[in-house]
Amino acid sequence: MRFDVITLFPELFAPFMTVGVTRRAFESGQVDVRLWPLRDFASDNYRRVDDRPYGGGPGMVMLAEPLLKALGAVRNARSEAGATAGPVIHFSPTGRPINQALLRELAQGPGATLLCGRYEGIDQRVLDREVDLELSLGDFVLSGGELPALALLDGIARLQEGVLSDARSHEQDSFEDGLLDCPHYSRPEVLALPEGDQPVPPVLLSGHHADIARWRRERSLSLTAQRRPDLIAAARAAGRLSKADERYLATLAL
Ligand SMILES: C[S@@+](CC[C@H](N)C(=O)[O-])C[C@H]1O[C@@H](n2cnc3c(N)ncnc32)[C@H](O)[C@@H]1O
């Protein structure tokens, strides 16, 4: 799959794409990321890509013309390479929140063109004409779309086959089954802390797989019920909660 990223700051991408488990996906081209520096598409000598907003007010707006040229160049390059066009995604706090279901969907697709905003945002006429999907990283405002783009690429890369050394890793992650993940523990069995020894929950040392699975499921249910009751409601509506899950949830004093 191929991702074409239109950005004012292409240099932000390399440090993230050359480290950690996802590096394999990027370096092998399994997730093929092409960077398009927006200033290359500016038409004046100053390589200007922003200007003041009509109607006045603070801040600058990203100019339509360099963006349209860049999008045209990406479209041509994808078509010449025989890559499916894929959606054009713009990152914006006004967009649909990114979630795991969306990452899974994109991880099985042909890739996309990612448009990273800066300043006050992009001239609306570009968005109206060119953008298929607007995505938000959350209800807060960043100074650019590069971090949301990297978050999306990282989330997609780790879903690619062979990227995680154990394919079951992401199956156990938060949201994969609609719930939050359970807590994890490793050595030592007893952690000596100034406030007292902290042992690992004994069930995890029992070797009893069914009990361990049940303990993990219950921790996952209780954490989700406390922190994200909306996810419990969604899992219930989707028929993802077993009778044992419901019995356990009924015991929780929330
Ligand atoms: C300073 S922000 C512009 C915010 C915009 N005026 C608003 O209030 O919706 C500059 C750029 O950062 C990106 N951005 C900021 N916060 C974001 C978020 N939560 N999710 C996705 N992109 C974001 C967008 O590309 C945006 O165009």
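Residues numbered from 1 in each chain as written. Predicted model: local features only at pLDDT ≥ 70, side-chain atom pairs only at ≥ 80, totals over all residues. Heavy atoms only, no water.

**Digging into the sheet that holds strand E5 (residues 88-97)**
At step 1: Read across the sheet, five strands follow the order E2-E1-E6-E5-E7 without closing on themselves; strand pairing throughout is parallel. Bordering the open sheet on either side are strand E2 (32-37) and strand E7 (133-136), each of which pairs with just one other strand. Between one strand axis and the next, the sheet turns by 35° as a mean value, whatever way the strands run.
At step 2: Pairing analysis gives five bridges linking strand E1 (residues 2-7) to strand E6 (residues 111-115), with the strands arranged parallel. What sits directly across from Phe3, in E6, is Ala112.
At step 3: Running at roughly 170° to E1, helix H6 (residues 146-157) makes contact with E1, E2, E5, E6 and E7 of the sheet. (Pairing = 2+ DSSP bridges. Helix = DSSP H or I, 4+ residues; strand = E, 2+ residues; numbered from the N terminus. Axes fitted to C-alpha atoms, helices over the stretch in contact; angles between N-to-C directions. Contact = heavy atoms within 4.5 Å.)

**Examining the pairing of E5**
At step 1: Bridge count for E5 against E6 is three bridges, and the pairing is parallel. Residue pairing across strands places Ile89 opposite Leu114, the latter belonging to E6.
At step 2: Where E5 meets E7, five bridges bridge the pair, whose relative direction is parallel. Looking at the pairing, Pro97 lines up with Ser136 of E7.

**A few points about the UniProt feature "binding site: S-adenosyl-L-methionine" (unreviewed entry) in the protein chain**
At step 1: Per the UniProt record, "binding site: S-adenosyl-L-methionine" (unreviewed entry) is found at Gly117, Leu137, Gly138, Asp139, Phe140, Val141 and Leu142.
At step 2: Positionally, Gly138 belongs in the loop between E7 and H6.
At step 3: Note on Gly138: relative accessible area 17%, which makes it buried.
At step 4: Take Phe140: it is sitting in the loop between E7 and H6. (UniProt positions renumbered as here; feature names shortened; annotations may be inferred. Buried < 20%, exposed > 50% of the residue type's maximum accessible area, 1.4 Å probe, protein only.)

**Focus on unusual backbone geometry**
At step 1: Here Arg187 and Pro188 are connected by a cis peptide whose omega angle stands at 0°.
At step 2: Note that Pro188 resides in the loop between helix H7 (168-171) and strand E8 (190-193).
At step 3: The backbone phi angle of Tyr119 is positive, close to 55°, even though this residue is not glycine.
At step 4: Mapped onto the fold, Tyr119 is located in the loop between E6 and helix H5 (124-130).
At step 5: Notably, Phe175 is not glycine yet its phi reads approximately 80°, a positive angle.
At step 6: Summarising the element assignment, Phe175 is placed in the loop between H7 and E8.
At step 7: Residue Phe175 is classed as partly exposed on the basis of its relative accessible area of 36%.

**Side note on the UniProt feature "domain: tRNA methyltransferase TRMD/TRM10-type" (unreviewed entry) in the protein chain**
At step 1: Mapped onto the present numbering, the UniProt feature "domain: tRNA methyltransferase TRMD/TRM10-type" (unreviewed entry) falls on residues 1-233.
At step 2: Secondary structure within residues 1-233 divides into 35% helix and 18% strand; the distance between the first and last C-alpha atoms comes to 34 Å.

**Notes on the packing of aromatic side chains**
At step 1: All told, the structure shown has two aromatic pairs when counted by the stated rule.
At step 2: Look at Trp36 and Phe41: their rings are 6.3 Å apart centre to centre, the planes differ by 40°, and that puts the pair in the tilted class. Grouping residues by exposure puts Trp36 and Phe41 together as buried.
At step 3: Summarising the aromatic geometry, the rings of Tyr185 and Trp215 are spaced 6.5 Å apart at their centres and angled 55° between planes, so their arrangement reads as tilted. One end of the pair, Tyr185, is in the loop between H7 and E8; the other, Trp215, is in helix H8 (residues 209-227), and 30 residues separate them in sequence.
At step 4: According to the relative accessible area criterion, Trp215 is buried, its value standing at 14%. (Phe/Tyr/Trp six-rings, centres within 6.5 Å; stacked < 30°, edge-to-face > 60°.)

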